Amino acid sequence: MVYRSWAEIYKDRLIQNTESIYKFVKKDIFAVVKADAYGHGSVEISKILEKIPYVKKLCVATAIEGKELKENKINKEILVLGGILKDEVEYFNTYNLQPVISDFEQLYLVKELKNRSIHLKFDTGMNRLGFYDDDIAQIIKFLKENRINLEGVMSHFPSADIDPDFTLYQIKRFKNIINIFEKEGFKLKYKHIQNSAGLVYRCDYCNAVRVGITLYGEKPFPHFPVDIKTVMSVKAKLISIKKLKKGDKVSYGGTFTADKDMKIGVVSFGYADGLPRELSNKGYFLINGKKVKILGNVTMDMTIVDLSQVEELNIGDEVLVVGKNGEFEITFSDVANICNTIPYEIMCRISKRVQRIIL
Ligand SMILES: Cc1ncc(COP(=O)(O)O)c(C=O)c1O
């Protein structure tokens, strides 16, 4: 294979994860494929997911992301979570995208849409995007006056993985919002607040969930009760093997010094491929089922590892950056923990240069 770094995407695991989530929650699924499907490749992932009947929508962050899907012949309905800006109206009309509307500026733009069908977003405590409860009267007046179809109402959980009390408060607050719309005669097709971590909360008045990270097989918290499997393995080639003498320094800045003679290797995967530089002298890869430590600073295209414990190696051998080999596994969460971040960020960082291969 000519690629020096690649990501294997296991289609069957993506489908199984989606099915497991559906069986667990028994609600329609809005598959979150924004940010290039969390680094997995949004077009290919959407092609797989759009065939599943209970996946009702694909969620992107921006109109440009929606455009990419439509230009690649994705037919499923596309919901743009990040809403609409004036400059984007044309894209919404050309590609028949549906916006999530979260403030009055955006709501007034809906008059310029050919298809006046929207979801409204309410802020129930995250304080990012969303209307507040006391905006409702003004919103309803505008919707009625301008014959806008309110297909759905949504909110979002910021802390479902760590703060049950706050999440339950949000569920209650969101229910009041839904009640007001329903009392006013709105027949809402979709009501949705749950993300992956939120799947474990009872929220019977909602009928859809917006899930991302769990589709891709990463648990939002350690004892997450749904059986899901990592969808992407990240791999690279070993491109050089050499010897270090005691006292030699490694890589930019010479932050590693050998305390004995060593065998080292150069792996064709660096921060331009998405490997966090924070892994310098801290992270590890897997080669031939063995853990190999990263030595010195991660560089743009290459990373140096300690091969002292690995025998029978050849140039071109496969190195696992994320994935399972033998008794060891490196997950996105493992990498994230070392870097003091979240698996979402590590997934999204896997760059374009890393060829996605659907298996
Ligand atoms: C508005 C919204 N809904 C749902 C999701 C999906 O979240 P998760 O990947 O945790 O399931 C996101 C992700 O960031 C989001 O921003």
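Residues numbered from 1 in each chain as written. Predicted model: local features only at pLDDT ≥ 70, side-chain atom pairs only at ≥ 80, totals over all residues. Heavy atoms only, no water.

**Student:** Could you give me a rundown of the site of the ligand, with the residues and numbers involved?
**Tutor:** Lining the immediate environment of the ligand, one finds 14 residues, of which Lys34, Tyr38, Ser196, Arg210 and Tyr344 sit closest. Within the side chain of Arg128, an N or O atom sits 3.5 Å from an oxygen atom of the ligand. A majority-of-atoms criterion places the ligand in the largest pocket. Going through the elements one at a time, helix 2 (34-39) and strand 9 (208-211) are the ones with two or more residues in the shell around the ligand. Of the residues contributing to the shell around the ligand, the split by class is six nonpolar, four polar and four charged. (Near = heavy atom within 4 Å. Polar contact = N/O pair within 3.5 Å; in protein donor to acceptor, adjacent residues only side chain to side chain. 1 Å grid on protein atoms, 1.4 Å probe; cavity = no way out; pocket = protein on both sides within 12 Å on 5 of 7 lines; lining within 4 Å. Sits in = over half its atoms within 2 Å of the grid points. Helix = DSSP H or I, 4+ residues; strand = E, 2+ residues; numbered from the N terminus. Nonpolar A, V, L, I, M, F, W, Y, C, P; charged D, E, K, R; others polar.)

**Student:** Can you tell me about the packing of helix 1 (residues 11-25) against helix 3 (residues 42-49), naming the residues and giving the values?
**Tutor:** To characterise two packed helices, one gives the angle between the axes of the helices and the distance between these axes. Remark: helix 1 packs on helix 3, axes separated minimally by 10 Å, with the N-to-C direction vectors making an angle of 55 degrees. By the angle class used here, helix 1 and helix 3 are oblique. Regarding helix 1 and helix 3, the two cross each other, and that crossing is right-handed. Between helix 1, through Lys11, Leu14, Ile15 and Thr18, and helix 3, the contact on the second element is made entirely by Ile45, Ile48 and Leu49. (Axes fitted to C-alpha atoms, helices over the stretch in contact; angles between N-to-C directions. Parallel < 35°, antiparallel > 145°, perpendicular 65-115°, else oblique. Left-handed = near helix turned anticlockwise from the far one by under 90°. Contact = heavy atoms within 4.5 Å.)

**Student:** Before we move on, could you go through the domain arrangement of the protein and cite the residues and values that matter?
**Tutor:** Looking at the protein, the domain boundaries give domain 1 (11-211) and domain 2 (232-358). On a C-alpha basis, the centroid separation for the pair domain 1 and domain 2 is 38 Å. Facing the seven residues of domain 1 at the interface are six residues of domain 2. Summing the contributions of domain 1 and of domain 2, the shared interface buries around 690 Å²; its carbon and sulfur component is 72%. At the boundary of domain 1 and domain 2, one finds zero salt bridges. Between the two partners, domain 1 and domain 2, sit one residue pair in polar contact (both at pLDDT 80 or more). Split by residue class, the side of domain 1 that touches domain 2 holds three nonpolar, two polar and two charged. (Domains from an automatic or database assignment. Buried area = accessible area lost by both parts, 1.4 Å probe. Salt bridge = Lys/Arg side-chain N within 4 Å of Asp/Glu carboxyl O.)

**Student:** Tell me about the pattern of salt bridges, residues and numbers included.
**Tutor:** A full pass over the atoms with the stated rule returns 19 salt bridges. Put simply, Lys23 and Glu19 hold a salt bridge, and the shortest N to O gap is 3.3 Å. In this pair, Lys23 and Glu19 both sit in helix 1, four residues apart, roughly one turn of the helix. By relative accessible area, Glu19 is classed as partly exposed at 36%. Connected via shared salt-bridge partners are Glu8, Lys235 and Glu318. (Buried < 20%, exposed > 50% of the residue type's maximum accessible area, 1.4 Å probe, protein only.)

**Student:** Give a detailed account of helix 7 (residues 136-145), specifying residues and quantitative values.
**Tutor:** Inspection of helix 7 places Ile136, Ile139, Ile140, Phe142 and Leu143 among the buried residues, and these make up the whole buried set. Here the buried residues of helix 7 occupy an arc of 165 degrees about the axis, which is enough to place them on one side. Exposed and oriented more than 90 degrees from the buried face of helix 7 are Ala137, Lys141 and Glu145. On its buried face, helix 7 sits against helix 6 (104-109), strand 6 (117-121), strand 7 (149-154) and helix 8 (164-183). (Arc of directions from axis to C-beta.)

**Student:** Can you explain the pairing of strand 10 (residues 232-244)? Please cite residues and give values.
**Tutor:** Bridge count between strand 1 (residues 5-9) and strand 10: five bridges; the pairing is antiparallel. Across the sheet, Glu8 pairs through a bridge with Ser233, a residue of strand 10. Here six bridges tie strand 10 to strand 13 (residues 262-267), and the two strands are oriented antiparallel to one another. For Ile241, the partnering residue across the bridge sits in strand 13 and is Gly265. (Pairing = 2+ DSSP bridges.)

**Student:** Before we move on, can you summarise the packing of aromatic side chains with the specific residues and values?
**Tutor:** Per the stated rule, a full pass over the model turns up 15 aromatic pairs. Summarising the aromatic geometry, the rings of Phe181 and Phe186 are spaced 5.6 Å apart at their centres and angled 80 degrees between planes, so their arrangement reads as edge-to-face. Residue Phe181 shares its accessibility class with Phe186, and that shared class is buried. Ring centres of Phe221 and Phe224 lie 5.6 Å apart, and the angle between their planes is 80 degrees; this geometry places the pair in the edge-to-face category. Classification of Phe221 by relative accessible area gives buried; the value is 17%. Three or more aromatic residues joined by ring pairs make a cluster, and in this case those are Phe104, Tyr108, Phe122, Phe131, Phe142, Phe181 and Phe186. Here the basic side chain of Lys291 rests over the ring of Tyr284, its NZ or CZ set 4.4 Å away from the ring centre. (Phe/Tyr/Trp six-rings, centres within 6.5 Å; stacked < 30°, edge-to-face > 60°. Lys NZ or Arg CZ within 6 Å of the ring centre and 35° of its normal.)

**Student:** With reference to specific residues and values, describe the nonpolar core.
**Tutor:** In this structure, Leu107, Leu120, Leu143 and Phe181 are the most contacted members of the largest nonpolar core, which totals 113 residues. Discounting residues that sit within four places of it in the chain, Leu143 has contacts with Leu107, Ile118, Leu120, Ile148, Leu150, Phe181 and Phe186. Formed by nine residues, the second largest nonpolar core is a distinct cluster that contains Leu244, Met262, Leu295 and Ile304. (Core = buried A, V, L, I, M, F, W, Y, C linked by side-chain atoms within 4.5 Å.)

**Student:** Describe in detail empty space enclosed by the protein, supporting the description with residues and values.
**Tutor:** With a probe scaled to a water molecule rolled over the atoms, the places where space remains empty come into view. Summed over all chains, the structure comprises two cavities of 30 Å³ or more. Considering only enclosed or pocket space, the largest cavity measures out at about 50 Å³ in volume. Residue lining of the largest cavity: Lys121, Phe122, Asp123, Thr124, Met126, Arg128, Leu129, Ser155 and His156, and that is the complete set. Here the residues of the lining of the largest cavity sort into three nonpolar, three polar and three charged. Volume-wise, the second largest cavity comes out at about 30 Å³. As for the second largest cavity, its lining consists of Gly274, Leu275, Pro276, Val321, Val322, Val335, Ile346 and Ile350. (Points joined across faces, edges and corners; volume = space filled by probe spheres on them.)

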